[in-house]
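# Descriptive structure summary
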Amino acid sequence: MRAVLAIVTLAIVLTFVGGVGWIACRVAEAEMARIVFQYILMGAVYTTFAALALALVVGVYHLYLYLFTRKKPVSLFATTSRDEK
């Protein structure tokens, strides 16, 4: 779960840096620098998709544990029996 949070944090930072830089370059009419910030924004999109994919994999794994085993997930890799309190 910490990996998902780290990827989401990276996506937020990339979106902020890329967005502010892109707008500043657009106002200053700096076309070459604007292209660099566009690539940073695209990196933010790809990072967001990676976070969503990782969260989906974790969710499917937890669903598998809950439906087909007698375990319930307490974190990404730690499980406990459903009967334990």
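Refer to the preceding data block for the structure.
Residues numbered from 1 in each chain as written. Predicted model: local features only at pLDDT ≥ 70, side-chain atom pairs only at ≥ 80, totals over all residues. Heavy atoms only, no water.

## Overview of the overall build of the chain
Assigned secondary structure in the chain consists of 2 helices and 2 strands. Ordered by position from N to C terminus, the α and β elements of the chain give α-α-β-β. Here the chain, with 85 residues, has 15% of them falling under the buried criterion. When contacts within the chain are restricted to residue pairs at least 6 apart in sequence, those whose partners lie at least 24 apart make up 33%. (Helix = DSSP H or I, 4+ residues; strand = E, 2+ residues; numbered from the N terminus. Buried < 20%, exposed > 50% of the residue type's maximum accessible area, 1.4 Å probe, protein only. Contact = heavy atoms within 4.5 Å.)

## Examining helix α2 (residues 31-68)
A rise of 1.5 Å per residue sets the reference length of α2, with its 38 residues, at 56 Å; its end C-alpha atoms lie 55 Å apart and thus fit the reference within 8%. Of the positions making up α2, those classed as buried are Arg-34, Ala-44, Thr-47, Ala-51, Val-58 and Leu-65. (Expected span 1.5 Å × (residues − 1).)

## Some words on the side chain of Thr-47
Residue placement: Thr-47 occurs in helix α2. On the basis of relative accessibility, which here comes to 13%, the residue Thr-47 falls in the buried class. Excluding anything up to four places from it in sequence, Thr-47 contacts Ile-7, Leu-10, Ala-11 and Leu-14.

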